[in-house]
Amino acid sequence: AQSVAQPEDQVNVAEGNPLTVKCTYSVSGNPYLFWYVQYPNRGLQFLLKYITGDNLVKGSYGFEAEFNKSQTSFHLKKPSALVSDSALYFCAVREEGRRALTFGSGTRLQVQP
Amino acid sequence: SQTIHQWPATLVQPVGSPLSLECTVEGTSNPNLYWYRQAAGRGLQLLFYSVGIGQISSEVPQNLSASRPQDRQFILSSKKLLLSDSGFYLCAWGAVSLPYEQYFGPGTRLTVT
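Reading guide: rules and limits
- Residues numbered from 1 in each chain as written.
- Chains lettered and ligands numbered in written order.
- Predicted model: local features only at pLDDT ≥ 70, side-chain atom pairs only at ≥ 80, totals over all residues.
- Heavy atoms only, no water.
- Helix = DSSP H or I, 4+ residues; strand = E, 2+ residues; numbered from the N terminus.
- Rg over C-alpha atoms; globule rule 2.2 N^0.38 Å.
- Contact = heavy atoms within 4.5 Å.
- Buried area = accessible area lost by both parts, 1.4 Å probe.
- Salt bridge = Lys/Arg side-chain N within 4 Å of Asp/Glu carboxyl O.
- Polar contact = N/O pair within 3.5 Å; in protein donor to acceptor, adjacent residues only side chain to side chain.
- Buried < 20%, exposed > 50% of the residue type's maximum accessible area, 1.4 Å probe, protein only.
- Pairing = 2+ DSSP bridges.
- Disulfide = S-S within 2.5 Å.
- Axes fitted to C-alpha atoms, helices over the stretch in contact; angles between N-to-C directions.

A. How the structure looks around the overall build of chain A. Assigned secondary structure in chain A consists of zero helices and twelve strands. Starting at the N terminus and ending at the C terminus, chain A contains elements arranged as β-β-β-β-β-β-β-β-β-β-β-β. Here the C-alpha atoms of chain A give a radius of gyration of 13 Å, agreeing with the 13 Å that 2.2 N^0.38 yields for 113 residues. Structurally, chain A occupies a C-alpha span of about 45 × 30 × 20 Å along its principal axes.

This is how it looks when you write it as structure tokens:
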């Protein structure tokens with residue numbers, strides 16, 4: 001069965017500093033990996049995906065993620081955090097052949113001015 | 001472009017009352033459709049998904065049911081609400097030709113009293 005773990009409930013970072021939100025996964029076969037962001041009382045917004053190819057994936061709002069097959073990780077990164085990046089971030093995985101995503105428990109990112 | 005609508009935005013219902021939440025998608029045909037529940041502002045639980053009219057897969061047995069009477073309409077129902085049904089309900093669509101990322105609606109906040 002597919003699963004995804006986000007080991008940090010919350011990440012705090014100062015504005016202008018780099019940020020990393022961690023995600024590890026477990027699937028049979030090749031994974032399809034995703035990051036979403038959720039602002040309060042809103043639906044999830046798609047940020048980026050990894051399907052195949054280059055291990056470094058670039059997405060919306062300056063975010064990027066690095067796929068590491070040996071460590072089964074897909075960490076979300078941004079070189080310089082903004083206060084407006086403060087939100088809840090979800091990692092998700094789709095196992096090849098399944099139609100549904102499995103989501104992590106979410107990581108709350110707090111960027112301090 | 002594709003858009004997804006959910007209504008109502010908020011709902012307060014007494015225990016034992018019926019429920020009907022509606023989700024519609026515009027700008028695409030034959031989408032995969034999904035219902036998720038998010039409790040306590042964190043993780044998402046997949047409730048149902050549908051790959052076509054009248055085709056519903058249930059991921060978690062519970063007090064809810066889903067129907068897809070039209071290609072781009074997905075309804076979540078209950079005959080008798082429980083307190084534990086409270087939460088944030090999210091509808092999402094995924095294109096059949098790109099079975100990767102899902103796109104989420106704005107959500108419905110349900111409070112059962």
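B. Expanded view of the interface of chain B and chain A. Counting residues at the interface gives 24 residues for chain B, matched by 25 residues for chain A. Taking both partners together, chain B and chain A bury about 1,800 Å²; carbon and sulfur atoms supply 53% of that area. Applying the counting criterion to the chain B and chain A interface returns one salt bridge. Lys49 of chain A is paired through a salt bridge with Glu101 of chain B; the nearest N and O atoms lie 3.3 Å apart. Where chain B packs against chain A, one counts four residue pairs in polar contact (both at pLDDT 80 or more). Put simply, the parts of the chain that give the side of chain B that touches chain A at least two residues each are strand E4 (32-38), strand E5 (44-52), strand E9 (87-94) and strand E10 (103-104) of chain B.

C. The pattern of salt bridges, seen in detail. Applying the stated criterion across every chain yields a total of six salt bridges over all chains. For Asp85 of chain A, the salt bridge goes to Lys78 of chain A, with nearest N and O atoms at 2.8 Å. Its relative accessible area of 4% is what places Asp85 of chain A among the buried residues. Where Asp85 of chain B meets Arg37 of chain B, a salt bridge forms, and the shortest distance between an N and an O atom there is 3.7 Å. With a gap of 48 residues between them, Asp85 of chain B in the loop between strand E8 (73-78) and E9 and Arg37 of chain B in strand E4 connect regions that are remote in the sequence. A relative accessible area of 3% places Asp85 of chain B in the buried class.

D. Layout of the environment of Asn63 of chain B. All names here are of chain B. With respect to the helices and strands, Asn63 occurs in the loop between strand E6 (55-58) and strand E7 (65-70). Linking Asn63 and Glu26, residues 37 residues apart in sequence, is a C-alpha distance of 29 Å. One polar contact links the side chain of Asn63 to the main-chain carbonyl oxygen of Lys80, over a distance of 2.5 Å.

E. Region of interest: the pairing of strand E12 (residues 107-112) of chain A. All names here are of chain A. Going residue by residue along E12, you find Thr107, Leu109 and Val111 tucked away on one face and Arg108, Gln110 and Gln112 left uncovered on the opposite face. Both strand E10 (residues 87-95) and E12 contribute to a ladder of three bridges, which runs antiparallel. Residue pairing for E12: Tyr89 is matched across the bridge by Thr107.

F. Structural detail: the state of the cysteines. Residues and elements named next belong to chain A. Applying the stated rule across the entire model yields two disulfides over all chains. One disulfide in the model links Cys23 with Cys91; its S-S distance is 1.9 Å. Between Cys23 and Cys91, the disulfide has an S-S torsion of -65 degrees and is therefore left-handed. Linking Cys23 in the loop between strand E3 (19-21) and strand E4 (24-26) with Cys91 in strand E10, this pair joins segments that are 68 residues apart in sequence.

G. Local environment of the pairing of strand E11 (residues 108-112) of chain B. All names here are of chain B. Going residue by residue along E11, you find Thr108, Leu110 and Val112 tucked away on one face and Arg109 and Thr111 left uncovered on the opposite face. Here four bridges tie strand E2 (residues 10-13) to E11, and the two strands are oriented parallel to one another. Looking at E11, one finds that Val12 is bridged to Thr111.

H. Quick look at the sheet that holds E8 of chain B. Residue and element names in this part refer to chain B. Read from one edge to the other, the open sheet built from four strands follows the order E1-E3-E8-E7, with strand pairing classed as antiparallel. Every interior strand has two partners, whereas the edge strands, strand E1 (3-7) and E7, have only one. If you compare each strand with its neighbour and ignore which way they point, the axes differ by 20 degrees on average. Alignment of strand E3 (residues 19-26) against E8, held across six bridges, turns out to be antiparallel. Looking at E8, one finds that Cys23 is bridged to Phe74.

I. Quick peek at the side chain of Gln73 of chain B. Residues and elements named next belong to chain B. By the element assignment, Gln73 lies in strand E8. Taking the relative accessible area as the measure of exposure, Gln73 reaches 13% and is therefore buried. Leave out the neighbours within four places in its chain, and Gln73 touches Glu22, Cys23, Thr24, Leu33, Ser67 and Arg68.

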